[in-house]
Amino acid sequence: MTKTRGITTGKFEKNAINEDSVIARKNMIAVSDGAGGGGLFADRWSRYLLKHLPRLPITSAEQLDEWIGSIWEVYYNKTEESAKRLGGMALDKFYDEGSFATLAAVWKLPDNTCQWITYGDSVVFHYDYSTKELNHSFTNLADFSCPPYLINCKDELNMEGFRGGVFPFTEDSFVFVTSDALAHFILMMYELSRKEIFANEIEKALGTSSKNGNIMKKGMSLPSFKFETEVIAKLRNAVYSENRFKRWCTRLYKKGILAYDDYSLAVMYD
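What you see is a predicted model, and the numbers here were worked out from it, not measured in a lab. (Residues numbered from 1 in each chain as written. Predicted model: local features only at pLDDT ≥ 70, side-chain atom pairs only at ≥ 80, totals over all residues. Heavy atoms only, no water.)

A.B. asks: For the overall build of the protein chain, give the residues involved together with the corresponding values.
C.D. replies: If you tally the helices and strands in the protein chain, you get eight helices and 12 strands. Taken against the 2.2 N^0.38 rule, which gives 18 Å for 270 residues, the C-alpha radius of gyration of the protein chain at 18 Å falls within 12% of a compact globule. By its C-alpha atoms, the protein chain is 55 × 45 × 35 Å across when sized along the principal axes. Counting the 270 residues in the protein chain, one finds 52% classified as buried. Sequence-distant contacts in the protein chain: of pairs separated by 6 or more residues, those separated by 24 or more amount to 73%. Within the structure as shown, the protein chain displays about 12800 Å² of accessible surface, and the carbon and sulfur contribution to it stands at 49%. The averaged location of the 35 negative side-chain charges in the protein chain is 10 Å from the averaged location of its 33 positive side-chain charges. (Helix = DSSP H or I, 4+ residues; strand = E, 2+ residues; numbered from the N terminus. Rg over C-alpha atoms; globule rule 2.2 N^0.38 Å. Buried < 20%, exposed > 50% of the residue type's maximum accessible area, 1.4 Å probe, protein only. Contact = heavy atoms within 4.5 Å. Areas by Shrake-Rupley, 256 points an atom, 1.4 Å probe, with all protein chains shown as cover. Lys, Arg positive; Asp, Glu negative; His and termini not counted. Charge placed at Lys NZ, Arg CZ, Asp CG, Glu CD.)

A.B. asks: Quick rundown of the pairing of strand β5 (residues 103–108)? Include the residues and the values.
C.D. replies: Here β5 lies mainly inside the structure; six of its six residues are buried. In terms of strand pairing, β5 meets strand β6 (residues 113–119) through six bridges, oriented antiparallel. Bridging across to β6, A104 finds its partner in T118. From the end of β5 to the start of β6, which pair antiparallel, there are four residues, and N112 there has a positive phi angle of about 60°. (Pairing = 2+ DSSP bridges.)

A.B. asks: Got a sec to walk through helix α8 (residues 242–255)? Specific residues and values, please.
C.D. replies: With 14 residues, α8 should cover 20 Å at 1.5 Å per step; its first-to-last C-alpha distance of 20 Å lies within 8% of that length. Residues of α8 that are buried include every one of F245, W248, C249 and L252, and no others. The buried residues of α8 occupy an angular sector of 95° when the element is viewed end-on, so they sit on one face. Away from the buried face of α8 by more than 90 degrees, exposed residues N243 and K254 are located. Its buried side turned inward, α8 meets β1 (3–9), α4 (180–192), α7 (227–238) and β12 (263–269). Count one or two residues on from α8 and you reach G256, which has phi positive near 85°. (Expected span 1.5 Å × (residues − 1). Arc of directions from axis to C-beta.)

A.B. asks: Tell me about the pairing of strand β8 (residues 133–136), residues and numbers included.
C.D. replies: In the sheet, strand β7 (residues 123–128) pairs with β8 via four bridges, with the strands oriented antiparallel. In the strand pairing of β8, Y127 is matched with L134.

A.B. asks: I'd like a rundown of helix α6 (residues 211–220), residues and numbers included.
C.D. replies: For α6, the full list of buried residues reads N212, G213, I215, M216 and G219. Along the axis of α6, the buried positions cluster into a sector of 160°, meaning they face one direction only. Residues of α6 that are buried in the fold lie against α4 and α5 (199–206).

A.B. asks: Just give me the short version of the sheet that holds β5, but keep the residues and values in it.
C.D. replies: Overall, antiparallel pairing links the five strands, which are arranged β2-β3-β5-β6-β10 in an open sheet. Each edge of the open sheet carries a strand with a single partner, namely β2 (20–25) and β10 (162–168). Going from strand to strand, the sheet's axes swing by 10° on average, the running direction of each strand aside. As defined by bridge partners, β2 adjoins strand β3 (residues 28–33) across six bridges and the pair is classed as antiparallel. Looking across to β3, one finds that R25 is bridged to M28. (Axes fitted to C-alpha atoms, helices over the stretch in contact; angles between N-to-C directions.)

A.B. asks: Residues and numbers for the sheet that holds β7, please.
C.D. replies: In spatial order, the strands read β1-β12-β11-β7-β8; together these five strands make up an open sheet with antiparallel pairing. Strand pairing shows two members of the sheet lacking a second neighbour, β1 and β8, which therefore form its edges. Taken pair by pair, the neighbouring strands of this sheet meet at an average axis angle of 20°, ignoring direction. Its contacts with the sheet put α7 on β1, β7, β8, β11 (173–178) and β12, and the angle it makes with β11 is roughly 70°. Across the sheet, α8 touches β1 and β12, and the angle it forms with β1 is around 55°.

A.B. asks: A description of the environment of W67 should follow, citing residues and the corresponding values.
C.D. replies: Here W67 lies in helix α2 (residues 61–86). Taking the C-alpha atoms as reference points, W67 and F94, 27 residues apart in sequence, are found 22 Å from one another. Those residues in contact with W67 that lie beyond four places of it in its chain are L49, H52, L53, P54, I58 and L103.

A.B. asks: Provide a residue-level description of the environment of S264, including the pertinent values.
C.D. replies: Tracing the backbone through its elements, the reader meets S264 in strand β12. Residues S264 and V123, 141 residues apart in the sequence, show an inter-C-alpha distance of 11 Å. Contacts of S264, omitting those with residues within four sequence positions, involve I7, T8, D20, V31, V177, T178, S179, L182 and F245. Here D20 takes part through its side chain, which lies 2.9 Å from a polar atom of the side chain of S264. (Polar contact = N/O pair within 3.5 Å; in protein donor to acceptor, adjacent residues only side chain to side chain.)

Now the structure itself:
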C-alpha cells in the first residue's frame, strides 16, 4: 500500500503567514509555494491550486494552462471581494498583479510509474535506495538564485515554465516534493556528498552572489556525511511531526545551510 503524507511550517517569527500549501492524497502529493513578493493573497492562491488539482495527472503545458483556465475565475471573483474590503492601494495591487504561486505535483499511476509536473522552483525528487541516486525535476543549483516562473490567477501561463516527466516507482523508491528553500538544501547536500561528480554545478552555485551562494559556502565547510542518513532519513521521520519538522529546519537554518523561508514537504513510498 502506497503511503503519502505532507507537512508545512511557516517562518520562525511569531504570527508569520505561511504562504506554502501541501496535500497528500491517495497516490498523489503536491506542494504550492505562494509567492508573497508580488500581488496579494499568495497563501490563498496556493491553497486554492492544490484543493482543485485534478485526480488524473496533468501531462503537458497545454493541459496545465487549460486546467488553470477552468478554475481561476471563481478564485479571482471571491478574492476581489476581499481586496475591495481592503480598498485603496491593496485593491489596485490585486488588479495590477493578482496572486502568484509555484506548483509541484506527482501522481502515482497503475503501471508503477509517477507522472510529475512542476511550474516554478518547487521541486519533485525521486530517491532510489538500491542505487543511492537522487533524481529531480529542477535544472541546477545555481538556478535557485534566479526569479522563478509563477502561476498567476489573472494572467496567461508562460508555457516555458512548465516541466514534466515520469519517474519509476518501485519498492526502493522514495518520492517527495518540497518548496524551494528545502529543495535547495536537499540538492546541495546530495551534490556535496558526491563532489567529484558535481564539481561543475557546485562551482557555479558557489559563484552566485546571493543568499544561496553563501549557503553553498557554509555547505562546503561541513564535515563528511552520508546523504541517506543525514537527509533522506531525516525527511522520512520529520514528515510525521510538525514539531520535529520545525526543529529540524530551525537547526539547519542556524547552521547557515538552509535559507529563511516557509518549508513544505510531501512524501510517497511503499
